[in-house]
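# Fold and geometry: a report
Next come the chains, spelled out residue by residue.
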Amino acid sequence: MPRTLDPELRRALAARIRYYNEMGIYDFYRRPLSDRAAEIAATTVVDEAEIAVSTNQPESGEEMSPRKATAVAMPVAIQGGENIFDLIALKPEQGVSDPVKALKIIREDLGDCTRCVLHKQGRKQIVFGVGNPKAELMFVGEGPGADEDAQGEPFVGRAGQLLNNMIKAMGIEREQVYIANIVKCRPPGNRTPERDECATCSPFLMRQIAVIKPKVVVALGAVAAKTLLAMNASMMQLRGRFYDFRPAGVRVNDRSNEPRWDGCKLAVTYHPAFLLRDPRQKGEAWKDLQMVMNELGMKPPEKKDA
């Protein structure tokens, strides 16, 4: 009978996973074991297990995500057939039933972040996220601007006012949704966040999404869409459809007393800042939002006669 995972090995594995996360590696693939390795795995004591890590393409033939990934061959027998990553990829907020408290834990874990260069390029404060911690609808933008950096809240400038109007047009209020960004520090001069900055910061966003468990996430703009979907395509190619989405690198079904959450739908539309520069695309953005409304069973407010 296979034994339960040794606590020391569990800690070592957790440290290894954190190490890869810090390098921007979040997706893991388990290599199929040979017949002999499988036989050994079924009888080997877990504290004698050996972990082999490689960045090769998974041998199962499945397509590797464009996001950094690592293949793991792990002849470890775990009692009850549990997935090793379900055991060791736990985050501090998991097991906390109150999403408000869970988000607070993530914010405390983020701390006065110095994980990428943005912390020394003029940011005033970290812009974490705001809104309903149980929201069915979540908006994800690119990064804070000057107004957001000053106030510590996402989408409070001109683009934020337009986003508020877009939300109202859907028949709901800003307070009913949750709003966050890919990066939580303002890039200097409002430049586009670099790829490594997005990779460093987005794991915290993934954890926020896993806590909130929305039904639909709307990616505002190309940076948000490409980071969340881990794919490189034009806005024309990305818009007009739903994607099945699960937060990368996060175990999402951690509380047995809650209904199972298998991820959500993700839609892509234009960033409000882009719509301010090119108002002609507002009609296209409204089509995207109508698609989201249909998915959520929402109806726009009736227009009042003058």
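Nothing here was measured: the structure is a model prediction, and the numbers come from that model. (Residues numbered from 1 in each chain as written. Predicted model: local features only at pLDDT ≥ 70, side-chain atom pairs only at ≥ 80, totals over all residues. Heavy atoms only, no water.)

## Quick word on unusual backbone geometry
Positive phi is not limited to glycine here, since N190 has a value of about 60°. One can find N190 in the loop between β6 (178-181) and α7 (195-212). For K213, which is not a glycine, the phi torsion comes out positive at approximately 55°. Among the structural elements, K213 can be located in the loop between α7 and β7 (216-220). Judged by its relative accessible area of 18%, K213 falls in the buried class. (Helix = DSSP H or I, 4+ residues; strand = E, 2+ residues; numbered from the N terminus. Buried < 20%, exposed > 50% of the residue type's maximum accessible area, 1.4 Å probe, protein only.)

## Looking at the packing of α7 against helix α8 (residues 222-229)
Running from N to C, α7 and α8 cross one another at 75°; their axes reach a closest spacing of 11 Å. Compared by their axis directions, α7 and α8 come out roughly perpendicular. Contacts from C198, S202, L205, M206 and I209 in α7 reach V223, T227 and L228 in α8. Residues belonging to the contact of α7 with α8 are distributed by class as follows: six nonpolar, two polar and no charged. (Axes fitted to C-alpha atoms, helices over the stretch in contact; angles between N-to-C directions. Parallel < 35°, antiparallel > 145°, perpendicular 65-115°, else oblique. Contact = heavy atoms within 4.5 Å. Nonpolar A, V, L, I, M, F, W, Y, C, P; charged D, E, K, R; others polar.)

## A few points about the environment of Q290
Among the secondary structure elements, Q290 is positioned in helix α11 (residues 282-296). Look at Q290 and you get partly exposed, because its relative accessible area is 35%. The sequence separation of Q290 and M170 amounts to 120 residues, and the corresponding C-alpha distance is 7.7 Å.

## Re the packing of aromatic side chains
Between two aromatic rings, the relevant description is the distance of the centres plus the angle of the planes. Across all of its chains, the model carries one aromatic pair by this definition. Here Y270 and F274 contribute two aromatic rings whose centre-to-centre distance is 5.1 Å and whose plane-to-plane angle is 25°, an arrangement assigned as stacked. For Y270, a relative accessible area of 13% puts it in the buried group. Residue F274 is classed as partly exposed on the basis of its relative accessible area, which comes to 28%. Over the ring of Y243 we find R241, and its NZ or CZ is 4.0 Å from the ring centre. (Phe/Tyr/Trp six-rings, centres within 6.5 Å; stacked < 30°, edge-to-face > 60°. Lys NZ or Arg CZ within 6 Å of the ring centre and 35° of its normal.)

## Let's talk about the packing of helix α4 (residues 99-110) against α7
As a packed pair, α4 and α7 sit with axes 9 Å apart at the nearest point and diverge in direction by 170°. The pairing of α4 with α7 is recorded here as roughly antiparallel in orientation. Contact residues: α4 offers P99, A102, L103, I106, D109 and L110, while α7 offers F204, R207, Q208, V211 and I212. Considering only residue class, the contact of α4 with α7 consists of eight nonpolar, one polar and two charged.

## Concerning the sheet that holds strand β9 (residues 264-269)
Across the sheet, six strands lie side by side as β4-β6-β5-β7-β9-β8; this open sheet has mixed pairing. Single-partner strands in this sheet number two, and they are β4 (130-131) and β8 (243-245). Direction of pairing for strand β5 (residues 137-141) relative to β6: parallel, over a ladder of four bridges. Considered in β6, the bridge of F139 is made with I179. This element, α8, spans β5, β7, β8 and β9 of the sheet and lies at about 130° to β7. (Pairing = 2+ DSSP bridges.)

## Digging into the pattern of salt bridges
Note on pairing: side chains with opposite charge can pair once their charged atoms come close. With the rule as written, the count across this model stands at 11 salt bridges. The partner of E136 in a salt bridge is K215, and the shortest N-O contact between them spans 3.3 Å. Separated by 79 residues along the polypeptide, E136 in the loop between β4 and β5 and K215 in the loop between α7 and β7 bring together distant segments of the chain. Classification of E136 as partly exposed rests on a relative accessible area of 40%. Look at the salt bridges and you will find they share partners, linking R239, E284, K287 and D288 into a network. (Salt bridge = Lys/Arg side-chain N within 4 Å of Asp/Glu carboxyl O.)

## Some points on the pairing of β9
With five of its six residues buried, β9 lies for the most part within the structure. Note that β8 and β9 share three bridges and pair antiparallel. Across the sheet, residue Y243 finds its bridge partner in β9, namely L266.

## Digging into the pairing of β6
Alternating positions in β6 separate into two faces, Y178 and A180 on one and I179 and N181 on the other, with burial throughout. Here β4 runs beside β6; their pairing, made up of two bridges, is antiparallel. Its bridge partner lying in β6, G131 is registered against Y178.

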